[in-house]
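One letter stands for each residue in the lines below.
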Amino acid sequence: MRRTAGKLADGREIIYFDDSAEAPPRVAVDTRDLPATQPMSEVRLDPLTREWVAMAAHRQTRTYKPPADLCPLCPSTPGRPTEIPEADYDVVVFENRFPSLAQNVPDVPSTVDGEELFARAPGRGRCEVVCFTSDHNKSFGELSQSRVRTVVDAWADRVAFLSTLPGVEQVFPFENRGEEIGVTLSHPHGQIYAYPFVTPRTERMLTAAQEYYAAHGRPLFGDVLEAELRAGARVVRESEHWVAFVPAAARWPVEVVLAPRRQVADLAELSPAERDDFAALYLVVLGRLDGLYDRPLPYIAAWHQAPVNAGRQEMWLHLQVFSVLRTKDKLKYLAGSESGEAVWINDVTPEQIAERLRGTHN
């Protein structure tokens, strides 16, 4: 892989990750006349749940479902410059033009309305876009194994860098796919959020992992993985370094976890062999997901990692891929129990999901 960093017209960073050193040099200049970005993000603490909520009203003007010929994530062409100045690319990462969190946000008062109950802070972090291919009509599952390997290297590079930014407590790479998920740009891409706090889900996983480690001297996820392998009923696919399985308490009608057999805290700690092996296994899993209903599956792919400053020996990197599609043409809505009380009700058992995925070929 070759890495080339540059700047966009408004000063945002852009980084090209090429599959090999034989790719053309990345020297194109962003010719757009863009004003400097000035995001106004802040975070506020809900005193009833102790959860941070990001406020980013400037994002109301972000690009929304443009036609393919106006896609801002496609390469630039003569007379139509985009977010990527080059005429072609392999993988590219750049700072989001409409970020939920950013480094250059202004300071804000420490409370809302002067009330001590309502804590407030600048939304200081970073949001990046990761384009997996210059081909607008491809999906992640249609990438070559070597391209997926480049994406993994790009993720690892960004996780390592973003973890060093002042105030960043957690780095979260993810992909949204499909209109049912809420995707507003159909070009194959993902995002990376660098949060100034530990997210609620990670906070709960961290607490469970630390309590288990203190009691047993072993990582909780490692014992979960061994139990899944012993049972076998929910294992979808295995490889030398990775295991794909449906969790025993899966929340979603379609849900698969991909985990390395070795405990690592984040993507940056994966070995070259583990990165190679993941690329092969993930493509198989994505093919089976698309074959489940014989249509492109809308999904969220979420990388769960240890926070920057906690849980490095207790937490276990894993990728959670899940979908809101419960049949070929029916969605699972997060209604009263799920949205109101965070109590999930699944209409299918994890064992049924795994059996269907093991029998699906695509």
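The structure presented is a predicted model; accordingly, all values stated were derived computationally and were not measured.

1. Concerning the sheet that holds strand β13 (residues 254-260)
Next up, step 1: With respect to topology, 11 strands assemble into an open sheet ordered β1-β2-β5-β8-β10-β9-β14-β15-β13-β12-β11, the strand pairing being antiparallel. In the strand order of this sheet, the two ends are held by β1 (2-7) and β11 (235-238), each with one partner. On average, adjacent strands in this sheet sit at an angle of 20° to one another, irrespective of strand direction.
Next up, step 2: Pairing of β13 with strand β15 (residues 318-323) involves 5 bridges; the strand directions are antiparallel. Residue Val 256 lies in a different strand from β15, and its bridge partner there is Val 321.
Next up, step 3: Each of β9 (170-177), β11, β12 (242-245), β13, β14 (299-304) and β15 is contacted by helix α4 (residues 272-292), which is oriented at about 170° to β13, the strand it contacts most.

2. Topic: the UniProt feature "domain: Galactose-1-phosphate uridyl transferase C-terminal" (unreviewed entry) in the protein chain
Next up, step 1: Those places that UniProt annotates as "domain: Galactose-1-phosphate uridyl transferase C-terminal" (unreviewed entry) correspond, in this numbering, to residues 209-358.
Next up, step 2: Its end C-alpha atoms 29 Å apart, residues 209-358 is made of 37% helix and 21% strand.

3. Re the environment of Phe 197
Next up, step 1: Note on placement: Phe 197 falls in the loop between β10 (189-195) and α2 (200-216).
Next up, step 2: Residues Phe 197 and Gly 125, 72 residues apart in the sequence, show an inter-C-alpha distance of 9.2 Å.
Next up, step 3: Residues contacting Phe 197, with those up to four places away along its chain left out, are Val 43, Trp 52, Glu 169 and Gln 170.

4. So, the pairing of strand β4 (residues 51-55)
Next up, step 1: Two elements, strand β3 (residues 42-46) and β4, share 5 bridges in a ladder whose sense is antiparallel. Among the inter-strand pairings, Leu 45 is bridged to a residue of β4, identified as Trp 52.
Next up, step 2: Counted along the chain from β3 to the antiparallel partner β4, the turn is 4 residues long, and its residue Arg 50 has a positive phi close to 60°.

Thresholds, definitions, all that
- Residues numbered from 1 in each chain as written.
- Predicted model: local features only at pLDDT ≥ 70, side-chain atom pairs only at ≥ 80, totals over all residues.
- Heavy atoms only, no water.
- Pairing = 2+ DSSP bridges.
- Helix = DSSP H or I, 4+ residues; strand = E, 2+ residues; numbered from the N terminus.
- Axes fitted to C-alpha atoms, helices over the stretch in contact; angles between N-to-C directions.
- Contact = heavy atoms within 4.5 Å.
- UniProt positions renumbered as here; feature names shortened; annotations may be inferred.

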